[in-house]
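A closer look at the structure
The lines below spell out each chain.
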Amino acid sequence: MSGLSTAHSVALAALLARCSEAMLKSVSSTVAGLPGEKAIDMRRMLAEEMADRRRRALAFEPILPMFRVRGDGIPATTFPAEVLPRLWKVASGREPQLLPRLDEDEGGRVIVANRICQAAASIVRDQPDLVWPAGLRPEVRDKGLEDLAISLDLSHLARRALPLIEVWLKRPDGDQLAELRLMVKDCAEIHADGAWRLVEILFAHLEDAVLILRILTRTSGAADQVGFLSVSEMGDFVERLLNGVSQRVERLTAWAAEGGQGDIAPVMVDLDWCANVLAELDVTLTLEPDSPWGISVRESRLTVATWMSRLYRKAAKAVDAALPLVRVQTSGRMTRMAPDLAAPARGEAAEKAFALMKLVGVTRRAASTFGAEGDRKTLIDELVERLTSYADQILSSINEEGADRTHGLALIAVAARYLELIEARDAARTVRRRAAAAAGNGGPAGASSQAA
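Described in the following lines is the structure provided in the data block. Everything numeric here is computed off the predicted structure, so don't read it as measured data.

A few words now on the nonpolar core. Grouped together as the largest cluster of nonpolar side chains are 131 residues, with contacts concentrated most on Phe60, Leu148, Leu152, Met308, Phe370 and Tyr418. Ranked by the residues each element gives to this core, the list is headed by helix 16 (residues 292–322), at 12 residues. Those residues in contact with phenylalanine 370 that sit more than four places away from it in its chain are Leu271, Cys274, Ala275, Leu278, Ser300, Arg301, Val304, Ala305 and Met308. With 8 residues, the next largest nonpolar core counts Leu4, Cys19, Leu24 and Val31 among its residues.

So, in structure tokens, the structure goes:
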């Protein structure tokens, strides 16, 4: 049996080049056990493609994250993903005999990787059409080519910096700070904006954008001073983070204006992101209250604090709607408020309250950051009293008035779940124990105790 024909090999190579890393691994595992010469050829081509990508990742490691858009949406210097394989093909083809050295020890491969990056920078400048076709995002092509060439120029310094990122993010000693500042100075000598470019490259390697502030404020002895930072090119990173906060605050406000409906997961992410950024700003920079940055932070804090206060009021009303109370007659003309045992344990009202309780539960840190911790604590205390009393009254109705045990325990399970979501775990456990005891005494309600 013959192997793949030339035409098939060419077509397969083109297809594999377009596959993601995950797809390559999936295809590799699929063909691993297939018999025949065609399968052997496929496995060989897969192995070659995967080895080529490992070498590419090593050679272009400093700038590799810049070929994808940041997941948090914060603006950053990026390049089209289609440029990467084209750049690698041309740059690696200059001296193919050196490529096996990328598989060697650290010293040998670093030398080759830096050499490939320098060759790539020359190609970007001298033969841009080979790397970035004229029809590919023409609106950013010229600037993109310039950014790419300069990033490649600085890649040898950025490569040295990558292993030190974690050190600089924590508590660097004097020698480690000196190394960072020396790298920044070296980059500035290569290009006028080389210092900013280096920080941009490091920014691409940080999944949590706000951490760039820790590196930024350590790039020089004066970088932690707002007056210096705000007029330097490095202030651009602070601007991006503050704009990110403003955009997320707008989304939170829009969500509230629409009635707080829909998926709360993005709301939780936005709120947590804003809290992280503002908390980090408090630690790394001392903002002047009347400065543009200080005003921006103050307005964001005020808007979110107001938003959270309204959220807490809305959450309390949602619980009232999901677990309503009705007025019942006790004796004579005397009445009291008691749980509505006809209320459904599931449904739109219950789900809305569930979502809001979940949101209340995860806002502890954010409430402290935005100055709404007092409102949150007041709400938590009120809900604990309200929900535990609600559960006790239902148990009394079951034990003393013969109310529907199964449905009553289902409502108690909802109350316990709400308590758990707002992190009132002791109260939730107490409610669950009492419900379990009631279920054990009632026989058929055992399933409800397990749900609770």
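Don't stop here, the text continues.
Turning our eyes to something else, we now look at the packing of aromatic side chains. Within this structure, the stated rule accounts for 5 aromatic pairs. Ring geometry for tryptophan 255 versus tryptophan 307: centroids 6.0 Å apart, planes at 50°, classification tilted. With tryptophan 255 in helix 14 (residues 235–257) and tryptophan 307 in helix 16, the pair connects residues that are 52 residues apart, well separated along the chain. The pair formed by tryptophan 255 and tryptophan 307 is uniform in burial state, with each residue classed as buried. In this arrangement the basic side chain of arginine 70 is found over the ring face of phenylalanine 203, its NZ or CZ atom lying 4.2 Å from the centre.

Moving on, we come to the layout of surface pockets. Size it by volume and the largest pocket reaches roughly 950 Å³. Along the walls of the largest pocket sit 29 residues, with Ala17, Glu49, Arg53, Arg56 and Pro85 positioned nearest its centre. Every element with two or more residues in the lining of the largest pocket is listed here: helix 1 (6–17), helix 2 (21–31), helix 3 (37–59) and helix 4 (83–92). Of the residues contributing to the lining of the largest pocket, the split by class is 14 nonpolar, 1 polar and 14 charged.

Let's shift gears to the packing of helix 10 (residues 174–190) against helix 11 (residues 194–204). Between helix 10 and helix 11, the least distance of the axes is 7 Å, while the angle of their chain directions is 120°. Between helix 10 and helix 11, the angle falls in the class oblique. Contacts between helix 10 and helix 11 involve Met183, Val184, Cys187 and Ala188 from the former and Gly194, Ala195 and Leu198 from the latter. Among the residues forming the contact of helix 10 with helix 11, the class breakdown is 6 nonpolar, 1 polar and no charged.

Rules used throughout
- Residues numbered from 1 in each chain as written.
- Predicted model: local features only at pLDDT ≥ 70, side-chain atom pairs only at ≥ 80, totals over all residues.
- Heavy atoms only, no water.
- Core = buried A, V, L, I, M, F, W, Y, C linked by side-chain atoms within 4.5 Å.
- Buried < 20%, exposed > 50% of the residue type's maximum accessible area, 1.4 Å probe, protein only.
- Helix = DSSP H or I, 4+ residues; strand = E, 2+ residues; numbered from the N terminus.
- Contact = heavy atoms within 4.5 Å.
- Phe/Tyr/Trp six-rings, centres within 6.5 Å; stacked < 30°, edge-to-face > 60°.
- Lys NZ or Arg CZ within 6 Å of the ring centre and 35° of its normal.
- 1 Å grid on protein atoms, 1.4 Å probe; cavity = no way out; pocket = protein on both sides within 12 Å on 5 of 7 lines; lining within 4 Å.
- Points joined across faces, edges and corners; volume = space filled by probe spheres on them.
- Nonpolar A, V, L, I, M, F, W, Y, C, P; charged D, E, K, R; others polar.
- Axes fitted to C-alpha atoms, helices over the stretch in contact; angles between N-to-C directions.
- Parallel < 35°, antiparallel > 145°, perpendicular 65-115°, else oblique.

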